[in-house]
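Per-entry structural report
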Amino acid sequence: MNVKRPRAGCVAVAAASLGCLLAMPAWAQTTAPAQATAPAQGEEPKETEDDVYIDTAPSSTEQGQTRMNEAFAPRDRQQWIRDTRRKAFKDTKWDLQVRSFYLDREKYDDSGSEAWALGGSLGFKTGYFRDRFAFGATGYTSQKLYGPDDRDGTLLLAPGQEGYSVLGEVYGEFLINEDSRLTLGRRGFDTPYINRNDARMTPNTFQTVLFQGLYGGDEGRPEWRVGGGYVDKIKERNSEDFVSMSQDAGAPDGTDRGVYAIGANYKSGDLSLGAINYYSDDIINIFYAEGKYGIPLAEKTKLSFAVQYSDQTSVGDDLLRGTDFSSDQWGAKAELAHGGALFTAAYTRAGGDTNMQNPWSGYPGFTSVQVEDFNRDGESAWMLRAGYTFPFIKGASVYALYVDGSDPQSPTEYAKDEYDVNFQWAVADGFLKGLLFRMRYAHVRQEGPVETDLDDFRLMIYYDPPSL
């Protein structure tokens, strides 16, 4: 089997991208803050690492996916408390990120998509006025550095290889109490089937009314994450416009339906259980459940098991496809973490009478990887994955994976397998703190009367100034 190799120009792109980011003005290049000390008993946690969240722990979650135990609320309890205690303008938080992204994909039919973009985001969120109300906004931009007209389709730029700028977030946030908040407006948020899917230049954002709650989770207590609301519109990753959720899902022009969502996740120690339901009238109902349990084996060794189940059905007047449909997928995953190494094995199986769908986010399946989701009707897939976080290069990690998919139910579609390699370095300290470098390569082989393949190469450089 001949594997296509990334073009030689990719190295030049990497060098040029790094040069663009490091040539930022002097005000954006700051030194790292001093190491924080632990708060005394009874004190409020101090904001010392509230710049950019860099998690170097091993993980098998794909970029653009959201697990149930990460839904609705921030990553940790202390961040939640800091957010709720800010004082209006004095505690306004600014967030700047610069991105450069190059993508080159050679498809099954020998056509291609290629672009190189430079852009990012600038946003702010105020503290709470009278300890009750905050507001925020975020603008995004992606501008073309390189993009042949005949190689469109990377989703880094707008259709036609055009740059774009958009005010993606404008929202108000109401603090009901220290544990509960209500958001009104246009904002990004993360659940398994409605999330930012932030794997290109800019994320999905949504027009929504959303309740979020985070209860317990400190001092060893069990944690509850709950959320629910109504999502009216979505701005896709490379778009300037908000459209109805039903239109984005593929319903006929003129159909205007939103999505009602409600869900919860319970976590106690190494046990996590959660479920969420999405209902769009006359369009689709999606139910998703996920559970995870970890077993410590030694000081630096842990074995974890996870299961998931998705069910999708048409509802009401069946406006999405003009006929009723039903599909489901279940999956299981085992992970062994030892020191900086993480070994993963996963299996999924899809069934019903149509392929699974993910119209508003990255797909949450355990075998959904860089290119393929392996969620077609009748398709089963095995994944083996190995990752390693380097102890001698702080913030650097690498992983490789292989997914073997079976023939789906459709006689016109064929089995696929995919190989992925990913290298990432998130600079955690020094004058380059806030810089993230990621390189990804995928090769997909498709069986059939004539074997075909696909190659996908991505180079990403992000920079978050640590002083903001």
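Residues numbered from 1 in each chain as written. Predicted model: local features only at pLDDT ≥ 70, side-chain atom pairs only at ≥ 80, totals over all residues. Heavy atoms only, no water.

**Let's talk about the layout of surface pockets**
Volume-wise, the second largest pocket comes out at about 520 Å³. The wall of the second largest pocket is formed by 27 residues, among which Val369, Gln370, Val371, Glu372 and Asp373 lie closest to the centre. (1 Å grid on protein atoms, 1.4 Å probe; cavity = no way out; pocket = protein on both sides within 12 Å on 5 of 7 lines; lining within 4 Å. Points joined across faces, edges and corners; volume = space filled by probe spheres on them.)

**A short note on the pairing of strand S4 (residues 164–177)**
Taken together, the 10 bridges between strand S3 (residues 133–146) and S4 define a ladder with antiparallel strand orientation. Looking at the pairing, Phe135 lines up with Gly172 of S4. The loop that links S4 with its antiparallel partner strand S5 (residues 180–187) comprises two residues. (Pairing = 2+ DSSP bridges. Helix = DSSP H or I, 4+ residues; strand = E, 2+ residues; numbered from the N terminus.)

**Section: the side chain of Thr126**
Mapping Thr126 onto the fold places it in the loop between strand S2 (112–125) and S3. Since its relative accessible area comes to 3%, Thr126 is described here as buried. Those residues within four positions of Thr126 in sequence are excluded, and the remaining contacts are Ala88, Phe89, Asp91, Thr92, Ala134 and Phe135. (Buried < 20%, exposed > 50% of the residue type's maximum accessible area, 1.4 Å probe, protein only. Contact = heavy atoms within 4.5 Å.)

**Observations concerning the pairing of strand S11 (residues 284–298)**
Pairing analysis gives 10 bridges linking strand S10 (residues 271–280) to S11, with the strands arranged antiparallel. Each bridged residue has a counterpart across the sheet, and for Ser280 the counterpart in S11 is Ile284. Turn length for the S11-strand S12 (residues 301–313) hairpin, with the two strands adjacent in sequence and antiparallel, is two residues.

**Topic: the packing of aromatic side chains**
Evaluated as defined, the whole model comprises 18 aromatic pairs. When the ring of Phe390 is compared with that of Phe392, the centres are 5.5 Å apart and the planes differ by 55 degrees; the resulting orientation is tilted. Grouping aromatic residues by their ring pairs yields a cluster made of Trp94, Phe124, Phe129, Phe133, Phe135 and Phe174. Note that Arg186 overlies the ring of Phe242, its terminal NZ or CZ placed 3.9 Å from the centroid. (Phe/Tyr/Trp six-rings, centres within 6.5 Å; stacked < 30°, edge-to-face > 60°. Lys NZ or Arg CZ within 6 Å of the ring centre and 35° of its normal.)

**Points about the pattern of salt bridges**
Taken as a whole and judged by the stated rule, the model has 24 salt bridges. Across the salt bridge formed by Arg67 and Glu290, the nearest N and O atoms sit 3.2 Å from each other. Taken together, the residues span a long stretch of sequence, with Arg67 in the loop between helix H1 (9–22) and helix H2 (77–84) and Glu290 in strand S11 at a distance of 223 residues. A relative accessible area of 10% places Glu290 in the buried class. Through salt bridges with shared partners, a single ionic network connects Asp104, Glu106, Glu114 and Arg151. (Salt bridge = Lys/Arg side-chain N within 4 Å of Asp/Glu carboxyl O.)

**Focus on the nonpolar core**
Generally speaking, soluble globular proteins have nonpolar side chains that are buried together. Judged by nonpolar contacts, the single largest core of 27 residues is most densely connected at Tyr193, Ile194, Phe206, Met245, Tyr278 and Trp360. Going through the elements one at a time, strand S6 (205–216), strand S7 (223–235), helix H3 (245–249), strand S9 (259–268), S10 and S11 are the ones with two or more residues in this core. Looking at which element gives the most residues to this core, the answer is S11, with three residues. Dropping the residues within four chain positions of it, Tyr193 is found in contact with Tyr278, Ile286, Tyr288, Ser310, Gln312, Met356, Gln357, Trp360, Ser361, Tyr363 and Pro364. With 15 residues, the next largest nonpolar core counts Leu103, Ala117, Tyr164 and Met201 among its residues. (Core = buried A, V, L, I, M, F, W, Y, C linked by side-chain atoms within 4.5 Å.)

**Here's the deal with the environment of Pro222**
Inspection of the secondary structure assignment puts Pro222 in the loop between S6 and S7. Once the C-alpha coordinates of Pro222 and Ser272 are considered, the two residues, 50 residues apart in sequence, prove to be 9.8 Å apart.

**A closer look at the side chain of Thr301**
Tracing the chain through its elements places Thr301 in strand S12. The buried category is assigned to Thr301, whose relative accessible area is 15%. Excluding residues that lie within four positions of it along the chain, Thr301 makes contacts with Pro296, Leu336, Ala337 and His338.

**Some remarks on the environment of Val421**
As for its position among the elements, Val421 is in strand S17 (residues 416–426). Overall, Val421 belongs to the partly exposed group, its relative accessible area being 45%. Residues in contact with Val421, not counting those within four places in the same chain, are Tyr399, Ala400, Met439, Arg440 and Tyr441.

**A word on the confidence of the model for the chain**
The predicted coordinates ought not to be read in detail in places where the model reports low pLDDT. Averaged over all residues, the pLDDT of the chain equals 88, while 86% of them reach at least 70. Throughout residues 1–54 the model reports pLDDT below 50, and contacts reaching past four residues in sequence, or to other chains, amount to 80 contacts. (pLDDT = per-residue confidence, 0-100.)

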